[in-house]
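# Fold and contact review
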Amino acid sequence: MTTDNVLDDVDAAAAETFALRRGDAFALTADHVYVVRGDGEPIRIAVEDIVEVEYNAFDWFLAVLSVGLIVFGGYSTTEHVLGGVAFAVIGVVSLFLTYRKRGKLSFKVTGRTKPLTVFPERPDAAYEALRPHLSE
């Protein structure tokens, strides 16, 4: 079963559907938010239950620190090769993880302990479509 068919079954009046980076989908209707993941039932959240939406486009501070680790590791290889390489590898891993978490939308929902996090392919468009529903 494809993600599009699941969303059609959930609510045929879906105002907007956004693809998530890992092949799943995120749909926004007038009164609900649906998150469809390949691992089971779609998650349905009423808009009035959403307490806060946090949008992180890209963490530039962490990216600059990661690049700093890479540069420091490269420079440190002149004194201690293994230590310098270790710093550079940690910087590369940190930069990769920072890039992977770009465009994160986190929903803090009443009744859930952990926020629901999605990574849309077009995060700016998804956040802009969601903002009018939250200001009501």
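Before reading further, recall that the structure is shown in the block above.
Residues numbered from 1 in each chain as written. Predicted model: local features only at pLDDT ≥ 70, side-chain atom pairs only at ≥ 80, totals over all residues. Heavy atoms only, no water.

### Digging into the overall build of the chain
Defined as follows: Strands here are runs of E lasting at least two residues and helices are runs of H or I lasting at least four, both read from the DSSP assignment and numbered beginning at the N terminus. The contact criterion used is simple: two residues touch if any of their non-hydrogen atoms lie within 4.5 Å. Note on areas: Shrake-Rupley, 1.4 Å probe, and residue coverage restricted to the protein chains presented here.
Looking only at helices and strands, the chain features four helices and seven strands. Going from the N terminus to the C terminus, the chain shows its helices and strands as α-β-β-β-β-β-α-α-β-β-α. When contacts within the chain are restricted to residue pairs at least 6 apart in sequence, those whose partners lie at least 24 apart make up 50%. Counting only carbon and sulfur atoms, one obtains 58% of the accessible surface of the chain, whose full area is about 8,700 Å².

### Details of a nonpolar patch on the surface
We apply this condition: Within this analysis, patches are made of residues with over 30% relative accessible area and no salt bridge. Like charges are joined at 9 Å or less; nonpolar side chains (Val, Leu, Ile, Met, Phe, Trp, Tyr) at 5 Å or less. What makes a salt bridge here is a side-chain nitrogen of Lys or Arg within 4 Å of a carboxyl oxygen of Asp or Glu, nothing more. Per-residue accessibility, obtained with a 1.4 Å probe over protein chains only, is compared with the maximum for each type, and a residue is labelled buried under 20%, exposed over 50%, and partly exposed between these values.
Taken together, the side chains of Val 81, Val 85, Val 89, Val 93, Phe 96 and Leu 97 present a nonpolar region at the surface, about 510 Å² in accessible area. Tracing the backbone shows Val 93 in helix α3 (residues 81–100). Exposure remark for Val 93: the relative accessible area of 44% places this residue in the partly exposed category.

### Things to note about the pairing of strand β3 (residues 32–36)
Rules: Only strands that DSSP links by at least two bridges are regarded as paired with each other.
With five of five residues buried, β3 is to be regarded as a mostly interior element. Where burial is concerned, the two faces of β3 agree: the one with His 32, Tyr 34 and Val 36 and the one with Val 33 and Val 35 are both buried. Where strand β2 (residues 25–28) meets β3, four bridges bridge the pair, whose relative direction is antiparallel. Across the sheet, residue Leu 28 finds its bridge partner in β3, namely Val 33. Hairpin connection between β2 and β3: a loop of three residues separates the two successive antiparallel strands. Pairing of β3 with strand β4 (residues 43–46), which is carried by four bridges, proceeds in the antiparallel orientation. Note that in β4 the partner of Val 33 across the bridge is Ile 45. In this structure, the hairpin formed by β3 and β4 is closed by a connection of six residues, where Gly 40 is found at a positive phi of approximately 155 degrees.

### Some words on the pattern of salt bridges
Summed over all chains, the structure comprises two salt bridges. Put simply, Lys 108 and Glu 52 hold a salt bridge, and the shortest N to O gap is 3.6 Å. Pair noted here: Lys 108 is in strand β6 (residues 104–109) and Glu 52 is in strand β5 (residues 50–56), with a separation of 56 residues, a long-range link. Exposure remark for Glu 52: the relative accessible area of 37% places this residue in the partly exposed category.

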